[in-house]
Amino acid sequence: MKKKGKVAGSFLTGLALMVMLAACSTKTENGSAPDAGNKPAAKGDVTAASEWAEKNGLNKTETTDELYTKAKGEGKVVVYSQSSRIKDVKATFEAKYPGVKVEAFNMSTNDIVEKVIREQGAGIYNADVIFVKDASGAVTTELTTKKLVHKYIPKDLSEKMVEPYKSKSSGLVPYFSLRAIFYNTDVYKTPPVTNWWDLTQPEWKGKVLLNDPIDSADMMDLFLAMVQHSDEMKQAYKDKFGKDIVLNGTENAAYEFFKQFLKNDPVLMKSSDEVVEAVGVTAQGKPPIGIGASSKLRDVIEKKLSIAATYDVKPRISVVGPSYLYVADKAPNVNAAKLMIRYMAGEADGKSDGFKPFNVMGSWSTRTDNGRTDQLPIDKLNVWDYDSDYFYKNFVKFREFWLKMQ
């Protein structure tokens, strides 16, 4: 395996978080005992947090005008965001709602989870809005279950949403994205990869770029979905090679795929930006392919990239990657938090400027009234569902396997 760039810092941060979260578990799925560490939230803490949420109307639907009047009295809203596009939201929100300043902090999903746990554990309640992905089930297990963050889905927004986001989600999901396979359109007029097992073949040796799953929660989630659905990976092998798979010291077809894939020298990059830029540079003789965030398709025109993503790969292209909006427990500016979440979710009519930075190619709105029509609709995407419980119970095992194989 090849590594490009300085990844040690992010590796250590991600590893420290994973160890910390593993310590919160009672037992990993493979039977190994957890490390000593954080204790589960006390019942009284969870009850008090639930009472705070009810008292502050997180189960109510209030008008924008009502919330704005209260938010002006608070004066600001603090957002921990997993997307750099929060800077665009800040600009338009402050223009629309004078008197309410936005303090936006752009961090990785892993860093947000760790920061919220540490701050609230120390009795510090700084954040109002948490904008985050699930990080291999860490958000669901460590934040939502323990009421460090709260669901806020007003009825006039939820009635426009599709399932499971309408009524079965732990938080408001304005959109989701995927990990997709990118290829250079100057060289390839059709996708050169149609099966995940293609990546184990000699023609792609040293020619596949991706983020290290140790550093990238999204990549980790995709690989964990493959492990969960190893029966489908087994069938994809037979579809590719015309014979049943023979395991070489691995427990199932997914782990066998990763073993062979790592032997084919994939190149680990620091970010999806680096992946798509390396794949999409024009005038390449033998360009690599890359696995990256589907939402990076928004950069094609601006960066003049010759690149496209394929969504037709066996057994499935990816796992859905929902982006969640939560109100942080004991948010000091709770009305401004509710106003911001409504704004980022598109508001009642689906047209607010707060959703526009996220309504890009490679992202799918969870609403029926404001999604893009120039890409595959949600019901045509051949993807795995997100299983936070499975991912959380299995990420330590997969992490150890991945590190051992390097």
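Conventions used here
- Residues numbered from 1 in each chain as written.
- Predicted model: local features only at pLDDT ≥ 70, side-chain atom pairs only at ≥ 80, totals over all residues.
- Heavy atoms only, no water.
- Salt bridge = Lys/Arg side-chain N within 4 Å of Asp/Glu carboxyl O.
- Helix = DSSP H or I, 4+ residues; strand = E, 2+ residues; numbered from the N terminus.
- Buried < 20%, exposed > 50% of the residue type's maximum accessible area, 1.4 Å probe, protein only.
- 1 Å grid on protein atoms, 1.4 Å probe; cavity = no way out; pocket = protein on both sides within 12 Å on 5 of 7 lines; lining within 4 Å.
- Points joined across faces, edges and corners; volume = space filled by probe spheres on them.
- Contact = heavy atoms within 4.5 Å.
- Pairing = 2+ DSSP bridges.
- Axes fitted to C-alpha atoms, helices over the stretch in contact; angles between N-to-C directions.
- Parallel < 35°, antiparallel > 145°, perpendicular 65-115°, else oblique.
- Left-handed = near helix turned anticlockwise from the far one by under 90°.
- Nonpolar A, V, L, I, M, F, W, Y, C, P; charged D, E, K, R; others polar.
- Phe/Tyr/Trp six-rings, centres within 6.5 Å; stacked < 30°, edge-to-face > 60°.
- Lys NZ or Arg CZ within 6 Å of the ring centre and 35° of its normal.
- Polar contact = N/O pair within 3.5 Å; in protein donor to acceptor, adjacent residues only side chain to side chain.
- Expected span 1.5 Å × (residues − 1).
- Bend = angle between axes of the 7 residues up to and from the residue.

The name recorded for the chain in an unreviewed UniProt entry is Extracellular solute-binding protein, from Paenibacillus radicis.

A. Representation of the pattern of salt bridges within the structure. Following the criterion strictly, the structure yields 27 salt bridges and no others. Ionic pairing is found between Lys205 and Asp265, a salt bridge with its closest N-O pair at 3.3 Å. Of the two residues, Lys205 sits in the loop between strand 7 (179-184) and strand 8 (208-211) while Asp265 sits in the loop between helix 10 (253-263) and strand 9 (267-269), which places them 60 residues apart along the sequence. Its relative accessible area of 43% is what places Lys205 among the partly exposed residues. The salt bridge involving Asp329 is made with Lys330; its shortest N-O contact spans 3.3 Å. Look at the salt bridges and you will find they share partners, linking Asp273, Glu277, Lys296, Asp299 and Lys303 into a network.

B. Up close: empty space enclosed by the protein. Across all of its chains, the model carries 2 cavities of 30 Å³ or more by this definition. By volume, the largest cavity is sized at about 70 Å³. As for the largest cavity, its lining consists of Lys133, Ser177, Leu178, Arg179, Asp218, Asp221, Ala293, Ser318, Val319, Val320 and Gly321. Elements supplying a minimum of two residues to the lining of the largest cavity: helix 8 (217-228) and strand 12 (318-319).

C. Spotlight on the side chain of Ser81. Mapped onto the fold, Ser81 is located in strand 2 (residues 76-81). Each residue touching Ser81, except ones within four places of it in the same chain, is listed here: Ile86, Phe105, Asn106, Met107, Ile112 and Phe131.

D. Seen up close, the pairing of strand 11 (residues 307-310). In strand 11, alternate side chains face the same way, and those of Ile307 and Ala309 on one face and Ala308 and Thr310 on the other are all buried. Inspection of the sheet shows strand 7 paired to strand 11 by 4 bridges, in the antiparallel sense. Along strand 11, the bridge assignment pairs Tyr183 with Ala308.

E. Layout of the environment of Pro154. Looking at the element boundaries, Pro154 is found in the loop between strand 5 (149-150) and helix 7 (155-158). Residues Pro154 and Glu62, 92 residues apart in the sequence, show an inter-C-alpha distance of 7.7 Å. The contacts of Pro154, once residues within four sequence positions are left out, are Lys60, Thr61, Leu172 and Arg342.

F. Quick peek at the packing of helix 4 (residues 86-96) against helix 12 (residues 334-344). The N-to-C vectors of helix 4 and helix 12 enclose an angle of 115 degrees; their axes lie 11 Å apart at closest approach. When the interaxial angle is binned, helix 4 and helix 12 end up roughly perpendicular. Viewed along their axes, helix 4 and helix 12 form a crossing whose handedness is right-handed. Residues Ile86, Val89, Thr92, Phe93 and Lys96 of helix 4 lie in contact with helix 12, whose contacting residues are Leu339, Met340, Tyr343 and Met344. Classifying every residue of the contact of helix 4 with helix 12 gives 7 nonpolar, 1 polar and 1 charged.

G. Looking closely at the packing of helix 10 against helix 13 (residues 388-405). At a minimum axis distance of 10 Å, the contact between helix 10 and helix 13 shows a crossing angle of 30 degrees. Between helix 10 and helix 13, the angle is such that the two are roughly parallel. Viewed along their axes, helix 10 and helix 13 form a crossing whose handedness is right-handed. Here Tyr255, Phe258, Lys259 and Leu262 of helix 10 come into contact with helix 13, specifically with Lys397, Phe398, Phe401, Trp402 and Met405.

H. Here's a closer look at the packing of aromatic side chains. For the coordinates displayed, the defined rule picks out 31 aromatic pairs. Relative to Trp364, the ring of Tyr311 has its centre 5.6 Å away and its plane inclined at 75 degrees; by these criteria the two rings are edge-to-face. Of the two residues, Tyr311 sits in the loop between strand 11 and strand 12 while Trp364 sits in strand 14 (residues 363-365), which places them 53 residues apart along the sequence. Comparing Tyr311 with Trp364, the two get one shared label, buried. Connected via pairs of aromatic rings, a cluster forms that spans Trp196, Trp197, Phe223, Tyr237, Phe241, Tyr255, Phe257, Phe258, Phe261, Phe398, Phe401 and Trp402. It is Lys72 that lies over the ring of Tyr68; its NZ or CZ is 4.6 Å from the centre.

I. The arrangement of the side chain of Asn211 in detail. As for its placement among the helices and strands, Asn211 is situated in strand 8. A polar contact is formed between the side chain of Asn211 and the side chain of Arg179, at a distance of 2.7 Å. A distance of 3.4 Å separates polar atoms of two side chains, one belonging to Asn211 and the other to Ser272. Setting aside residues no more than four positions away along its own chain, Asn211 makes contact with Arg179, Ser216, Met219, Leu268, Met269, Lys270, Ser271, Ser272, Val275 and Ile291.

J. Local environment of helix 13. Here helix 13 spans 25 Å end to end across 18 residues, near enough to the 26 Å set by a 1.5 Å rise per residue. In the structure, helix 13 departs most strongly from a straight axis at Asn394, where the bend amounts to approximately 45 degrees.

K. Molecular detail of helix 10. A large share of helix 10 lies buried, amounting to 9 of its 11 residues. Along helix 10, the residues classified as buried are Ala253, Ala254, Tyr255, Glu256, Phe257, Phe258, Lys259, Phe261 and Leu262. Check the buried side of helix 10 and you find it contacts strand 8, helix 8, helix 9 (230-241) and helix 13. At the N-terminal end of helix 10, a side-chain oxygen is found 3.0 Å from the backbone nitrogen of Ala254, two or three residues along, and the residue is Asn252. Among the residues trailing helix 10, Asp265 stands out with phi positive, at a value near 60 degrees.

L. Layout of unusual backbone geometry. A cis amide bond links Glu163 with the next residue in sequence, Pro164, at an omega value of 5 degrees. Within the fold, Pro164 resides in the loop between helix 7 and strand 6 (172-177). In this chain, Lys314 is followed by Pro315 through a cis amide linkage whose omega measures 0 degrees. Positive phi, close to 60 degrees, is recorded for Asp265, a residue that is not glycine.

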